[in-house]
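The residues making up each chain are set out below.
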Amino acid sequence: EAVVRPAGSEAPGAEAVKSSPGDATSTTKQLTGIRFDVPKAWDEQPKTKFYEAKYVIPSDEGEMTLTLTPMGGGIDANFQRWVGQFQQDSGDRPRRDTLRVDGTEAEWLDVRGTFRSRVGNSPGPHTDWRLLGVAIPMTPRPFLLKLVGPRGAVSSFEDEFRTFVRSGQLDN
């Protein structure tokens, strides 16, 4: 059954979750200024002060973690911080690109190497990992998505992740 709320009635960070009629594979997750169609197979983690939403995504090649949150500091500074969490192989450089999310040009980041930060209860380092990051320009601060996990898992999941990111609908 769909949850219907008048536009603008949600508090910042409200978690209005609804299912599309007849769609048993995903739910709509309302976040600050944007909503996404989230596959039900993703394991939603408890909300923290650092993330508005966090998911563990299962894969045959290992679990991936996806975080979603608005973040201050600007897109370049956040991307630089993420790149700094990796020790890259010599000659390997982060790749940047763009993609459209609900008519807005978003920034895409792809980093590979040894991830030196903690993931869940595992302090790292995590060798042969990959990060896909997206920054959607929004006011007052960009909305960031960060997917990190074993390189093979993230590589197998990349197309699905792009589809997920493009499902984003900005609140007007």
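The model shown is predicted, which means the values in this text are computed figures rather than measured ones.

Visitor: Looking at this model, I keep getting lost on the pairing of strand S6 (residues 64–70). Mind explaining?
Guide: Consecutive residues of a regular strand have side chains that alternate between opposite faces of the sheet. Burial analysis of S6 places 7 of its 7 residues in the buried class, the great majority of the element. Judged by which residues are buried, S6 turns out to be covered on both faces: Met64, Leu66, Leu68 and Pro70 on one side and Thr65, Thr67 and Thr69 on the other are all buried. Taking the residues between adjacent antiparallel strands as the criterion, strand S5 (residues 53–57) and S6 are bridged by 6 residues, where glycine 62 takes a positive phi near 125°. Where S6 lies against strand S11 (residues 143–150), 6 bridges are found, and the strand directions are antiparallel. The residue bridging leucine 66 from the neighbouring strand is leucine 147, located in S11.

Visitor: Where do I start with the pattern of salt bridges in this structure?
Guide: Between side chains of opposite charge, pairing is possible as soon as their charged atoms come close. What the rule picks out here adds up to 11 salt bridges. Ionic pairing is found between aspartate 76 and arginine 96, a salt bridge with its closest N-O pair at 2.9 Å. Here the residue aspartate 76 occupies a position in helix H1 (residues 75–84), and arginine 96 occupies one in strand S8 (residues 95–101), the gap between them amounting to 20 residues. We classify arginine 96 as partly exposed; its relative accessible area is 42%. Arginine 130 serves as the salt-bridge partner of glutamate 158, at 2.8 Å between the closest nitrogen and oxygen. Here the residue glutamate 158 occupies a position in helix H2 (residues 151–166), and arginine 130 occupies one in strand S10 (residues 126–136), the gap between them amounting to 28 residues. Its relative accessible area of 2% is what places arginine 130 among the buried residues.

Visitor: It is not clear to me how the packing of aromatic side chains should be interpreted in this structure. Could you clarify?
Guide: Aromatic rings considered in pairs are described by the distance between their centres and by the relative angle of their planes. Overall, the coordinates contain 10 aromatic pairs when judged by the stated rule. Here phenylalanine 79 and tryptophan 82 contribute two aromatic rings whose centre-to-centre distance is 5.7 Å and whose plane-to-plane angle is 35°, an arrangement assigned as tilted. One end of the pair is phenylalanine 79 and the other is tryptophan 82, both in helix H1 and 3 residues apart, which spans about a single turn. Neither phenylalanine 79 nor tryptophan 82 differs from the other in exposure class; each is buried. Centre to centre, the rings of phenylalanine 115 and tryptophan 129 are 5.9 Å apart; their planes meet at 5°, and the pair counts as stacked. Of this pair, phenylalanine 115 sits in strand S9 (residues 104–115) while tryptophan 129 sits in strand S10, and the two are 14 residues apart along the sequence. According to the relative accessible area criterion, phenylalanine 115 is buried, its value standing at 2%. The class of tryptophan 129 is buried, set by a relative accessible area of 11%. Here a set of aromatic residues connected by ring pairs shows up, and it is made of Phe36, Trp42, Tyr55, Trp108, Phe143, Phe157, Phe161 and Phe164. Over the ring of tryptophan 108 we find arginine 162, and its NZ or CZ is 3.9 Å from the ring centre.

What counts, and at which threshold
- Residues numbered from 1 in each chain as written.
- Predicted model: local features only at pLDDT ≥ 70, side-chain atom pairs only at ≥ 80, totals over all residues.
- Heavy atoms only, no water.
- Buried < 20%, exposed > 50% of the residue type's maximum accessible area, 1.4 Å probe, protein only.
- Helix = DSSP H or I, 4+ residues; strand = E, 2+ residues; numbered from the N terminus.
- Pairing = 2+ DSSP bridges.
- Salt bridge = Lys/Arg side-chain N within 4 Å of Asp/Glu carboxyl O.
- Phe/Tyr/Trp six-rings, centres within 6.5 Å; stacked < 30°, edge-to-face > 60°.
- Lys NZ or Arg CZ within 6 Å of the ring centre and 35° of its normal.

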